[in-house]
Amino acid sequence: MPHPLDRFRHDPSRRLMLRGAVATLLFGVAGRAMAGSAVVAVRVWPAKAYTRITLESDAALKFNQFMVPDPDRLVVDLEGADWNNELANIAARIGTDDPYVKQLRAGRFKPGVVRVVLDLKTEVKPQVFTLEPYGEYKHRLVIDLYPAKAEDPLLSFGDDGGKPDVAKPEANAPTTVAKADKAEKGDKANKQNTISRDKLNTTRMVTIMIDPGHGGEDPGAIGKGGTYEKTVTLAIGKKLKALLDDQPNMRAVLTRDDDFFVPLGERVVKARKVNADLFMSIHADAFVRPDARGSSVFALSEGGASSTAAKWLAQTQNDSDLIGGVRLSVKDPYLAHTLFDLTQTATINDSLKFGRAMLGSIGEVNRLHHGSVEQAAFAVLKAPDIPSILVETAFISNPEEEKRLIDEDYQDKMASALLAGLQHYLAKNPPLARNTLAES
Ligand SMILES: [Zn+2]
């Protein structure tokens, strides 16, 4: 709840007039407003995509930001923040490997104002915003540093030794030289034709968007043994990408390849940017009862959720944006428009087929929690034109399954099962030629 005096503090014109009255009041009310807010934690999530710095405080922080050139610095003044150890030790939060921040420092700038300075390694586009308390988190001031020049999603997710993925003859081009870059590495160009005659009976590159759930500030579910869902989903996602990239005519792109937060809508946007044929979100389930176990597969529902549990789960997963933190002004306008797209029904039918194929193969490595594909309104499954599923690989809240989830062998088996599920689906439902084929 906002402090009754907050609205006056926002308004400088009233400030003078009310100063006397406020001072009297404050003296009477005492405590918090006068003491300012205490920064209780500083967290940094460095990643190539963007670096996030979070200042958590027991009351909302008011801030003022500006850039200073030569050398590039971002200055964030915190009004009414108490000087304390968290701020005094802020420099230690930045590792030398941070892609954007050379140094982080803070100091008492003038009475009532703490100045935080970020010495930058490169030109950035900063976004500074606040988040309301949510779950375990108190008020948060978030400083996101994006690269000044937005990277091409295909370039930034490529892992072929820095070789841009766009060089691959993929997506929009009919090709009999799929994975040409790999063939070149093998220096036998005439092998290309045989390589392209793959099991999937498709003549173009199929792009799979793999979405490791949660990340950064949003840990996802946490196991009793301390395992974070975000860590497990990333490990399995990376293994699956490696397996997929080894297949002829298949290419995988990750929505995140590191421990950083990606808003749900942004994950969908990324999939559409790379022209993904299929989208698969990887998660680990949690339930209040520790004996809940098994893997599940979800697709988007048009109406209500197929079960109360599915509805509850969709709710908790969709809360990700509140936990991880999305600046409200940029929150998925895209999704609002596509929600009722007519193609969605057809896509949901394909998603259900995709999900059934996946259940079949996952059932080989883990017990199934639910024998059929469940449906609920997951925000991350709302691409109108890309068959999308969400896989709950196992229950991280079940101590036995938590142990399996952090076991490399199990992660490998799960990744192989996910690959097999994808292949089964694609064998029966080969992706259509792109519209652009006719023109080329
Ligand atoms: Zn999850």
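This is a predicted model, so every value here is computed, not measured. (Residues numbered from 1 in each chain as written. Predicted model: local features only at pLDDT ≥ 70, side-chain atom pairs only at ≥ 80, totals over all residues. Heavy atoms only, no water.)

### With respect to the packing of aromatic side chains
- The final tally for this structure, using the stated rule, is four aromatic pairs.
- Each ring, one from Phe-298 and one from Phe-378, has its centre 5.2 Å from the other, and the planes form 70°; the classification is edge-to-face. One end of the pair, Phe-298, is in strand 12 (residues 296–300); the other, Phe-378, is in the loop between strand 13 (374–376) and strand 14 (388–395), with 80 residues separating them in the sequence.
- You can call Phe-298 buried: its relative accessible area is 3%.
- A residue is classified by how much of its surface remains accessible, and Phe-378, at 1% relative accessible area, is buried.
- On the basis of an interplanar angle of 40° and a centroid distance of 5.1 Å, the ring pair of Phe-354 and Tyr-425 is categorised as tilted. (Phe/Tyr/Trp six-rings, centres within 6.5 Å; stacked < 30°, edge-to-face > 60°. Helix = DSSP H or I, 4+ residues; strand = E, 2+ residues; numbered from the N terminus. Buried < 20%, exposed > 50% of the residue type's maximum accessible area, 1.4 Å probe, protein only.)

### Description of the environment of Thr-393
- Among the secondary structure elements, Thr-393 is positioned in strand 14.
- Overall, Thr-393 belongs to the buried group, its relative accessible area being 0%.
- There is a polar contact of 2.8 Å between the side chain of Thr-393 and the backbone oxygen of His-283. (Polar contact = N/O pair within 3.5 Å; in protein donor to acceptor, adjacent residues only side chain to side chain.)

### Some points on the nonpolar core
- Ranked by internal contacts, the top residues of the largest apolar core, which has 61 residues, are Ile-208, Leu-240, Leu-244, Met-280, Met-358, Leu-418 and Leu-422.
- Here this core takes nine residues from helix 15 (residues 408–428), the largest share from any one element.
- Among all residues touching Ile-208, those that are not within four sequence positions of it are Leu-244, Met-250, Arg-251, Ala-252, Val-253, Leu-278, Leu-422 and Leu-426.
- By size, the runner-up hydrophobic cluster in this structure holds 25 residues, among which are Leu-74, Ala-81, Leu-104 and Leu-145. (Core = buried A, V, L, I, M, F, W, Y, C linked by side-chain atoms within 4.5 Å. Contact = heavy atoms within 4.5 Å.)

### With respect to the pattern of salt bridges
- The tally for this structure, following the rule as stated, stands at 17 salt bridges.
- Notably, a salt bridge pairs Glu-217 with Arg-43, separated by 2.7 Å at the nearest N-O pair. A residue pair is termed long-range when its members are at least 10 positions apart, and Glu-217 in the loop between strand 9 (206–212) and helix 8 (229–245) and Arg-43 in strand 1 (residues 39–45) qualify at 174 residues.
- The class for Arg-43 is buried, based on a relative accessible area of 18%. (Salt bridge = Lys/Arg side-chain N within 4 Å of Asp/Glu carboxyl O.)

### Considering a nonpolar patch on the surface
- Residues Phe-287, Val-288 and Trp-312 make up a contiguous nonpolar surface patch of roughly 330 Å² in combined accessible area.
- Take Phe-287: it is sitting in the loop between strand 11 (278–285) and strand 12. (Patch = residues over 30% accessible without salt bridge, like charges linked within 9 Å, V, L, I, M, F, W, Y side chains within 5 Å. Areas by Shrake-Rupley, 256 points an atom, 1.4 Å probe, with all protein chains shown as cover.)

### A look at the sheet that holds strand 11
- Taken in spatial order, the six strands of this open sheet run 10-9-11-14-12-13, and their pairing is mixed. What marks the edges here is a single partner per strand, and that holds for strand 10 (250–254) and strand 13. Across the sheet, the mean angle separating the axes of adjacent strands is 30° when strand polarity is ignored.
- In terms of strand pairing, strand 12 meets strand 13 through three bridges, oriented parallel. When the sheet's bridge partners are listed, Leu-300 is paired in strand 13 with Ala-376.
- Docked against the sheet, helix 10 (residues 308–318) engages strand 11, strand 12, strand 13 and strand 14, running at close to 50° with respect to strand 13.
- Where helix 15 meets the sheet, its contacts fall on strand 9, strand 10, strand 11 and strand 14, and the angle it forms with strand 11 comes to roughly 145°. (Pairing = 2+ DSSP bridges. Axes fitted to C-alpha atoms, helices over the stretch in contact; angles between N-to-C directions.)

### Digging into the packing of helix 8 against helix 15
- Relative orientation of the contacting elements helix 8 and helix 15 amounts to 50°, with a least axis distance of 9 Å. Of the possible angle classes, the one that applies to helix 8 and helix 15 is oblique. The hand of the helix 8/helix 15 crossing is right-handed. Contacts between helix 8 and helix 15 involve Ala-235, Ile-236, Lys-239, Leu-240, Leu-243 and Leu-244 from the first element and Glu-408, Gln-411, Asp-412, Met-414, Ala-415, Ser-416, Leu-418, Leu-419 and Leu-422 from the second.
- When grouped by side-chain class, the residues that make up the contact of helix 8 with helix 15 number ten nonpolar, two polar and three charged. (Parallel < 35°, antiparallel > 145°, perpendicular 65-115°, else oblique. Left-handed = near helix turned anticlockwise from the far one by under 90°. Nonpolar A, V, L, I, M, F, W, Y, C, P; charged D, E, K, R; others polar.)

### Details of the sheet that holds strand 3 (residues 62–68)
- With antiparallel pairing, the four strands of this open sheet are ordered in space as 3-4-6-5. At either end of the open sheet lies a strand with only one pairing partner, and these are strand 3 and strand 5 (101–110). Recorded for the sheet is a direction-independent mean angle of 20° between the axes of neighbouring strands.

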